[in-house]
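Below are the chains, spelled out letter by letter.
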Amino acid sequence: MGKSPKYYIDMENMYTAHGYHPIPVVISRAKGVWVWDVNGKKYLDCLSAYSAVNQGHRHPRIMKAMKDQAAKLTLTSRAFHNDQLGAFMKKLCRLAKMEMALPMNTGAEAVETAIKIARKWGYEKKGVPKNKARIIACRENFHGRTTTIVGFSTDPDANTGFGPFGPGFTVIPYDDVAALSKTITKNTVAFLVEPIQGEAGVNVPSDGYLKAVRKICTEHNVLLIFDEIQTGLCRTGKMFAWQHEGAKPDMITLGKALGGGAYPISAVVGSEEIMSVITPGTHGSTFGGNPLACTVGTAALDVLIDDKLDKRAEKLGRYFRKRLGEIANEKVLEIRGKGLLNAIELKKKAGTAREYTEKLMKLGVLAKDTHGQTIRFAPPLVITKKQIDWIMARVEKVLAT
Ligand SMILES: *Cc1c(COP(=O)(O)O)cnc(C)c1O
C-alpha cells in the first residue's frame, strides 16, 4: 500500500527549510494538464509550476529529446564545446528577433546576468563613470531570490533580514510612465520591468505602457530589459508579451517554460552590441548551456512554435476570462489577465484566497493564492475548452460556498 499524503508532508516539513507554504497535496505523477496525488486522485494543474509547464506535463516530444540526449551526452562545462548549444541559441535568437543569447539555469541567474551585462554596457558603451551605473526597477517586482535581486524588492517577506544590499537600484511605481521619465539620470543604464507583473498577482499595465517605456528608454539611451521569465513563451497569447505592443526591448530574460517543465534552463537574449560586452572569464556557469539543457530547450521551443501555443493561449484565454465573468458573484472584486495568465481578486469580506484554493483542491483544481485576496489561474497552454469548463464548474461551486 502507498503511504498517506501526511507521511510525505511530515517528512518534508521535518527536513526541508520552510521557504514555501504549499497547498497540502502530494503529487507523484503528471501528464498534460493533469497531475495525480499519491492516492491516485486526479487534479487539473492551474499553476503550471508558475508557468514553467506551458507545454503541459511530460510533453512526449520534450521527453523523447531528453531521453535521447541523456543516452549520449549530458555535461561538458563550457570549457569545451558541445554539439547542441549553437543550434539552441540560434533557434532562440531567431524566435526573439535578437542576435545573441547567453544560457544560464534559473530565472534569477538570467536576471543577474542581465544586470551585469547592462552595467558593463553602461561603462564600456555609454560612458558611465566607474561604479556609478544605476538600474531602475518597479514596485512589487518579482525577479528572483538572489541577494542583489531581493535588495530592490518591495516585498518585506522577500528582503527582511537579508541585508545589507548593494546600491545602484531605484524603484518606481509600476505602470507609471512619468515616474520613469523623472527618475532617469545620465548614469541610468537600464530599466528592468515585467510586461505583466506575475508574482504581484497578475498586474496588467495600462494599454500603451510598454510602448511608452520603450520610447523613453530609446530617447535616453537606457537599455529596456523585459523580464519575460513568466510572461514569455506563449503564456500571454503572444510568443513574448512585448509583442502585444510591438515594444521590442534591448534585452529579454527567459526561463521557466524554456525548460519545457523538465529542466532548469534560462537565458538572456539581446543585440550583438550589448551581449558582446561579455568576454572570456567575465561571466559563466558550470551547468549553463549544457547539452542536455540545450536539447530540452530546443524541443521546448519547437513545441511552442509547432503547436502554435501562442494562438491557443490567446483564444482560450479570452474564453477563460469570459467564463470567469459569467460565474463571478458578489465575492469577486476583479477578473484580470492576458492569454492564459489570469487572476480573480476577491473582496476582503469574501475571506482569504487561501480558503478558496484549499476548497478548489478538494474538488480537483490546483490554483495558487497570492497576496491574500488573489487566486491565480495559469493552466498549461495545451488545455482544452472542455477542460476549462471543468475548472469553471468547480470555481463556481467554491465561490457559492
Ligand atoms: C519566476 C520568476 C523569476 C525567477 O525565476 P527562478 O527560476 O525561480 O529563479 C524571475 N522573474 C520572473 C518574472 C519570474 O516570474
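Residue numbers here run from 1 along each chain, matching the order of that chain's written sequence. Given that this is a predicted model, residues contribute local features only at a pLDDT of at least 70 and side-chain atom pairs are listed and counted only at 80 or more, while totals for whole chains, interfaces and linings are drawn from all residues. Computation of side-chain values covers all heavy atoms of the structure but excludes hydrogens and water.

1. Regarding the overall build of the chain
Stated formally: Under the scheme used here, helices are H or I runs from DSSP no shorter than 4 residues and strands are E runs no shorter than 2 residues, and both carry numbers assigned from the N terminus. As defined in this context, the radius of gyration uses C-alpha atoms, and a globule is described by 2.2 Å times the residue total to the power 0.38. Note on exposure labels: buried denotes an accessible area under 20% of the residue type's maximum, exposed denotes more than 50%, and partly exposed covers the range between, all computed with a 1.4 Å probe on protein chains only. In this description, accessible areas are obtained by the Shrake-Rupley approach with a 1.4 Å probe, and a residue is regarded as covered only by the protein chains that are shown. Counting rule applied: Lys, Arg positive; Asp, Glu negative; His and chain ends not counted. Positions of charges follow a simple convention, taking NZ of Lys, CZ of Arg, CG of Asp or CD of Glu.
The helix and strand inventory of the chain stands at 14 helices and 15 strands. On C-alpha atoms alone, the chain measures out to a radius of gyration of 21 Å, which is about the 21 Å that the 2.2 N^0.38 rule sets for 401 residues. Expressed along its principal axes, the backbone C-alpha trace of the chain runs to roughly 60 × 55 × 45 Å. Relative to its 401 residues, the chain shows a buried fraction of 53%. Accessible surface computed for the chain: about 18200 Å², of which carbon and sulfur atoms make up 55%. Here the chain contributes 58 positive and 39 negative side-chain charges, whose respective centroids are spaced 3 Å apart.

2. Quick look at the site of the ligand
How we decide: The criterion for a residue being near a molecule or strand is simple. One of its heavy atoms has to lie within 4 Å of it. Contacts described as polar in this section are N or O atom pairs within 3.5 Å, which, within protein, must combine one atom able to donate a hydrogen with one able to accept it, while residues neighboring in sequence count only if both atoms come from side chains. Under the grouping applied here, Gly and all other residues not named as nonpolar or charged are polar, the nonpolar ones being Ala, Val, Leu, Ile, Met, Phe, Trp, Tyr, Cys and Pro and the charged ones Asp, Glu, Lys and Arg.
Near the ligand the following residues occur: T106, G107, A108, F142, H143, G144, E194, D227, I229, Q230 and K256. Separating an oxygen atom of the ligand from a backbone N or O atom of A108 is a distance of 2.8 Å. Within the contact set of the ligand, an oxygen atom lies 2.6 Å away from a side-chain nitrogen or oxygen of K256. Surface burial for the ligand is 81%, taken as the share of its 380 Å² of free accessible area covered by protein chains. Looking at the shell around the ligand residue by residue, the classes come out as three nonpolar, five polar and three charged.

3. Brief notes about the domain arrangement of the chain
Our working rule: Domain borders in the structure are assigned automatically or taken from a domain database. We call two residues in contact whenever any of their non-hydrogen atoms come within 4.5 Å of each other. Using a 1.4 Å probe, buried area is obtained as the accessible area two parts lose upon being combined, added over both of them. A carboxyl oxygen of Asp or Glu within 4 Å of a side-chain nitrogen of Lys or Arg is what we treat as a salt bridge.
When its domains are assigned, the chain resolves into domain 1 (5-55 + 308-399) and domain 2 (60-306). Centre-to-centre separation of domain 1 and domain 2, based on C-alpha positions: 26 Å. Counting residues at the interface gives 29 residues for domain 1 and 31 residues for domain 2. Summing the contributions of domain 1 and of domain 2, the shared interface buries around 2300 Å²; its carbon and sulfur component is 54%. For domain 1, the biggest contributors to the area lost against domain 2 are Q55, K338 and L341; these three give 29% of the whole. Joining domain 1 to domain 2, the criterion identifies one salt bridge. For R376, the salt bridge goes to E199, with nearest N and O atoms at 2.8 Å.

4. Topic: the packing of aromatic side chains
Using the following cut-off: Only centres within 6.5 Å qualify two rings of Phe, Tyr or Trp (six-membered ring in Trp) as a pair; their planes then separate them into stacked at under 30 degrees, edge-to-face at over 60, and tilted for everything else. Consider the ring centre and the ring normal. A charge sits over the ring if Lys NZ or Arg CZ is within 6 Å of that centre and within 35 degrees of that normal.
As enumerated under the stated definition, the model contains six aromatic pairs in all. Seen from their ring centres, Y174 and Y209 are 5.5 Å apart, and the 65 degrees between their planes marks the pair as edge-to-face. Placement of Y174 in the loop between strand 6 (169-172) and helix 8 (177-183) and of Y209 in helix 9 (residues 209-219) is noted, with a sequence separation of 35 residues between them. Residue Y174 is classed as buried on the basis of its relative accessible area, which comes to 14%. Relative to F377, the ring of F320 lies with its centre 5.8 Å away and its plane at 50 degrees, an arrangement referred to as tilted. In this pair, F320 sits in helix 12 (residues 309-327) while F377 sits in strand 15 (residues 374-377), placing the two residues 57 residues apart along the sequence. By the burial criterion, F320 is buried, and F377 matches it. The ring of Y7 has K3 lying over it, and the distance from NZ or CZ to the ring centre is 5.2 Å. Seen from the ring of W36, R29 lies directly overhead, with NZ or CZ sitting 4.5 Å from the centre.

5. A closer look at a positive patch on the surface
Applicable threshold: Excluding any residue in a salt bridge, patches collect residues exceeding 30% relative accessible area, merging like charges within 9 Å and nonpolar Val, Leu, Ile, Met, Phe, Trp and Tyr side chains within 5 Å.
Taken together, the side chains of R29, K31, R58 and K67 make up a positively charged region of the molecular surface. On the accessibility criterion, R58 (43% relative accessible area) is partly exposed.

6. Some points on the packing of helix 13 (residues 353-362) against helix 14 (residues 385-400)
Which entries qualify depends on this criterion: Every axis corresponds to a line fitted to the C-alpha atoms, with the helix fit spanning only the stretch in contact, and the corresponding angles, defined between N-to-C directions, vary from 0 to 180 degrees. Convention used here: angles under 35 degrees read as roughly parallel, angles over 145 as roughly antiparallel, angles from 65 to 115 as roughly perpendicular, and any remaining angle as oblique. What makes a crossing left-handed is the near helix being turned counterclockwise from the far one by less than a right angle; a clockwise turn instead makes it right-handed.
It is the contact of helix 13 with helix 14, at a shortest axis distance of 10 Å, that shows an interaxial angle of 130 degrees. When the axes of helix 13 and helix 14 are compared, the pair comes out oblique. For the crossing formed where helix 13 meets helix 14, the hand is right-handed. Only R394, V395, V398 and L399 of helix 14 make contact with helix 13, whose side of the interface consists of Y356, K359 and L360. Of the residues assigned to the contact of helix 13 with helix 14, the class counts are five nonpolar, no polar and two charged.

7. Describing the nonpolar core
What counts, and what does not: By convention a nonpolar core is built from buried Ala, Val, Leu, Ile, Met, Phe, Trp, Tyr and Cys residues, the set being connected through side-chain atoms within 4.5 Å.
Judged by nonpolar contacts, the single largest core of 83 residues is most densely connected at F191 and F377. What F191 contacts, discounting residues up to four positions off in sequence, is I136, C138, I172, L180, Y209, V213, C217, V222, L223, L224 and I225.

8. A word on the sheet that holds strand 7 (residues 188-193)
The strands making up a sheet associate through backbone hydrogen bonding, with each pair oriented either parallel or antiparallel. Stated formally: A pair of strands is considered paired only if DSSP assigns at least 2 bridges between the two.
The sheet built from seven strands is open, its strands ordered 4-10-9-8-7-5-6 with mixed pairing. In this open sheet, the two edge strands, each paired with only one partner strand, are strand 4 (100-104) and strand 6. Strand after strand, the sheet turns through a mean of 20 degrees between neighbouring axes, direction not considered. Alignment of strand 8 (residues 223-227) against strand 9 (residues 251-254), held across three bridges, turns out to be parallel. Bridge assignment links D227 to a residue of strand 9, and that residue is T253. The strands touched by helix 4 (residues 85-96) within the sheet are strand 4, strand 9 and strand 10 (266-270), with strand 4 carrying the most contacts at an inclination of about 120 degrees.

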